Amino acid sequence: MRIHLVNPSDISFGTAVITPRWLYVLAAATPPRHGDPSVIDETLDPMDFDSIAPGDVVGIGIHTFNALRGYEIGREARKRGARVIFGGIHPTLFPEESFELGGAHAVVKGDGDLIWRDVLAACEAGTLLPIYDGGRVSGTTFQPARWDLLPAARYMFGSVQTLRGCPKHCSFCSVWRTDGQQPRQRTADAVIKEIVELRRMGFRFILLSDDNFYPVTVEDLRLAERQGNRARIESLMEIRRERFELMERLAKLPDDLVFYTQITMEAAEDTEFLRAMNKAKIRGALVGVESVTAEGLKAIFKDFNYAGDKLVARLKEFRKHGVHILGSFIFGLPTDKLETFDATAELAQKSDIAFAQFIMLTPFPGTVDFAKWEEKMASDPTRIGGHPLTRFWLIPREQRPKVYTPHPSLSPDEIRRGTQSVWDRFYSVPAIWERARIVKSLKARILFLVMSKLYRQMYANTGIATDSARVSRSTQWARLMARPARKLFVAQPMPDLQVPN
Ligand code: SF4
């Protein structure tokens, strides 16, 4: 009984930016008696179905946007006699789909870290149940990844998780509902051990792939003080203390390491935290800016963010502390107007952010927005490829609309073209070169230029473009660039590196 773990993707680039951590976590959760699992990341190469033998187990992890490819793999694997198990956010929300469309024998909801071994034992014993619920495991029981199985020469970034969960409640995001609002932190020891292992292999760039690296804000503490809530203050201070402990430990690792993470903008007012990030070599962070207007932020329950000039000032604060920002913006909010595209492009350029992504509002399953939209669309008769719009991920890729919710003043095409034009402006060569002054040497500036272009090709054109020729050109370009670009990211392996005391 061989175990195959598959990360489905419609597009394979040959080289990938970030290691898909969950594959290697489930590999670690596979008891040794089953042998080493075969790990297949389709962002590198498509799956070879001939490797599946009758009686094997095929574990497929999906999110909404690769669900269709995941189902295709599931059906084919089942045809070849394998037991097919689905897991991930999407099957947690829609388990029935995996059975109806993906040939599933079982679905694992929630975290797979601990329950995976029970699923495999049941496969062995022939007692497999249709549904397993892994729940939310505590930070101390998160599995470390099996990096020894990684084809290291094909990735640019390692990825290590330090916590799951986010205390916020943004209406377009499913994280707080699926991973919970209570942060579940790993111990600093467990995190450092994995990073040392990755650095030994030659990874210098490591993504701290957390839902929100800054789970306790200064405002949370002030509020608890005002309420005189001692228990709350202590619990917040304990989470914060552990964050600082982790950052102190990161600071002791080799100086050539570079960390990236995800945080909320509120960290900009926490100078102590920013200084610790800087010492810890956390050089970049994804910040959800979402909207540049106050009305837009209110519409998505994110009014803890700032808008306008205050927003620019906050974003610049990160730069002052050596933390470069990948700003994430959303277009298509009900409050957006035609002028919003220009205003966002200008703000993104003047706020000293290094990278940006511009996303069209999509109601993601598991979010508050999706629940409201689904209710509103209950009587909508539209069907594309036989599917209602509220099941857009089942619509064949080339027929899938780019914009789903009607906008009070903008047409879908205006939103799509506006979004594309902002990507074009932000990633034009002169604009990138101007931003590249954040790094000093010519080599680093060239690296910045290449990375900016690569990021744009991998994440923008393939998502927004309507014509398949453009999508295919983007994919080919990214495939060509990714391999040489990888060399700029890795360093000499340090096989003797030890965990610092
Ligand atoms: S968008 Fe970010 S801050 Fe908001 S709930 Fe999701 S993870 Fe948390």
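As a reminder, the structure under discussion sits directly above these lines.
Keep in mind it's a predicted model, so treat the numbers as computed, not measured. (Residues numbered from 1 in each chain as written. Predicted model: local features only at pLDDT ≥ 70, side-chain atom pairs only at ≥ 80, totals over all residues. Heavy atoms only, no water.)

1. Concerning the overall build of the protein
Scanning the protein for helices and strands turns up 18 helices and 15 strands. Rg of the C-alpha trace for the protein: 22 Å, near the compact-globule value of 23 Å for 501 residues, within the 12% margin. The principal-axis extents of the C-alpha atoms in the protein amount to approximately 60 × 60 × 55 Å. The buried share of the protein, reckoned over its 501 residues, is 54%. Across the protein, contacts joining residues at least 24 apart in sequence account for 76% of those joining residues at least 6 apart. On the protein, roughly 21,500 Å² of surface is accessible, and the fraction owed to carbon and sulfur atoms is 54%. Here the protein contributes 68 positive and 60 negative side-chain charges, whose respective centroids are spaced 4 Å apart. (Helix = DSSP H or I, 4+ residues; strand = E, 2+ residues; numbered from the N terminus. Rg over C-alpha atoms; globule rule 2.2 N^0.38 Å. Buried < 20%, exposed > 50% of the residue type's maximum accessible area, 1.4 Å probe, protein only. Contact = heavy atoms within 4.5 Å. Areas by Shrake-Rupley, 256 points an atom, 1.4 Å probe, with all protein chains shown as cover. Lys, Arg positive; Asp, Glu negative; His and termini not counted. Charge placed at Lys NZ, Arg CZ, Asp CG, Glu CD.)

2. Things to note about the pairing of strand S12 (residues 258-263)
In the case of a regular strand, side chains alternate between the two sheet surfaces. Sheet topology places strand S11 (residues 205-208) next to S12; three bridges connect them, and they run parallel. Bridge assignment links Leu207 to a residue of S12, and that residue is Tyr260. Strand direction decides the pairing type here: S12 and strand S13 (residues 282-290), joined by five bridges, are parallel. Each residue of the ladder has a partner; that of Tyr260, found in S13, is Gly284. Since S12 and S13 lie parallel, the crossover through helix H10 (residues 271-279) that links them has a hand, and here it is right-handed. (Pairing = 2+ DSSP bridges. Right-handed = clockwise from strand over helix to strand, strands pointing away.)

3. Some remarks on the sheet that holds strand S14 (residues 324-331)
The strand order S2-S8-S11-S12-S13-S14-S15 describes an open sheet built from seven strands, whose pairing is parallel. Each edge of the open sheet is held by one strand with a lone partner, namely strand S2 (16-18) and strand S15 (355-360). The mean inter-strand angle of the sheet, taken between neighbouring strand axes irrespective of direction, is 25 degrees. Sheet contacts for helix H7 (residues 188-200): strand S8 (155-160), S11 and S12; angle to S8, the most-contacted strand, approximately 165 degrees. (Axes fitted to C-alpha atoms, helices over the stretch in contact; angles between N-to-C directions.)

4. Observations concerning unusual backbone geometry
Its identity is not glycine, yet Lys281 carries a phi of approximately 70 degrees, on the positive side. Mapped onto the secondary structure, Lys281 falls in the loop between H10 and S13. Take Lys281: its relative accessible area is 3%, and that puts it in the buried class. At Asp352, a position not held by glycine, the phi torsion is positive, near 65 degrees. Within the secondary structure, Asp352 is located in the loop between helix H13 (338-350) and S15. Assessed through its relative accessible area of 22%, Asp352 is described here as partly exposed.

5. Comments concerning the nonpolar core
Ranked by size, the top nonpolar core spans 109 residues in total, and within it Trp116, Ile195, Leu250 and Phe318 carry the most contacts. In terms of residue count, the dominant contributor to this core is helix H17 (residues 442-464) (seven residues). Beyond its immediate stretch of four places on either side in the chain, Trp116 contacts Ile3, Leu5, Leu26, Ala29, Thr30, Val57, Gly59 and Ile85. Of all hydrophobic cores here, the second largest spans 27 residues; its members include Phe49, Ile62, Phe370 and Trp393. (Core = buried A, V, L, I, M, F, W, Y, C linked by side-chain atoms within 4.5 Å.)

6. Some remarks on the packing of helix H2 (residues 67-79) against helix H4 (residues 95-102)
Orientation of H2 relative to H4, taken along the N-to-C sense of each, is 55 degrees, at an axis distance of 8 Å. Judged on the interaxial angle alone, H4 and H2 are oblique. For the pair H2 and H4, contact is made by Tyr71, Gly74 and Arg75 and by Glu97, Ser98, Leu101 and Gly102, respectively. By residue class, the composition of the contact of H2 with H4 is two nonpolar, three polar and two charged. (Parallel < 35°, antiparallel > 145°, perpendicular 65-115°, else oblique. Nonpolar A, V, L, I, M, F, W, Y, C, P; charged D, E, K, R; others polar.)

7. Some points on the sheet that holds strand S6 (residues 106-109)
Across the sheet, six strands lie side by side as S3-S1-S4-S5-S6-S7; this open sheet has parallel pairing. If you trace the sheet from one side to the other, it starts and ends with strand S3 (38-41) and strand S7 (131-133), each paired once. Within this sheet the neighbouring strands show an average axis-to-axis angle of 20 degrees, counted without direction. As paired strands, strand S1 (residues 3-7) and S3 are joined by four bridges and run parallel to one another. Bridge pairing in S3 links Asn7 to Asp41.

8. A word on the environment of Met47
Structurally, Met47 is set in the loop between S3 and strand S4 (57-61). We classify Met47 as buried; its relative accessible area is 7%. Expressed as a C-alpha distance, the spacing of Met47 and Val368, which sit 321 residues apart in the sequence, is 35 Å. When neighbours within four sequence positions are excluded, Met47 is seen to be in contact with Val6, Ile40, Glu42, Ile52, Arg69 and Ile73.

9. A look at helix H1 (residues 21-29)
Along H1, seven of the nine residues are buried, which leaves the element largely enclosed by surrounding structure. Listing the buried residues of H1 in full gives Arg21, Leu23, Tyr24, Val25, Leu26, Ala27 and Ala29. Buried residues in H1 make contact with S1, S3, helix H5 (116-125), S8 and H7.

10. So, the site of the ligand
The local shell around the ligand consists of Cys166, Lys168, Cys170, Phe172, Cys173, Trp176, Asp211, Thr264 and Lys302. Tallied by class, residues from the shell around the ligand come to five nonpolar, one polar and three charged. (Near = heavy atom within 4 Å.)

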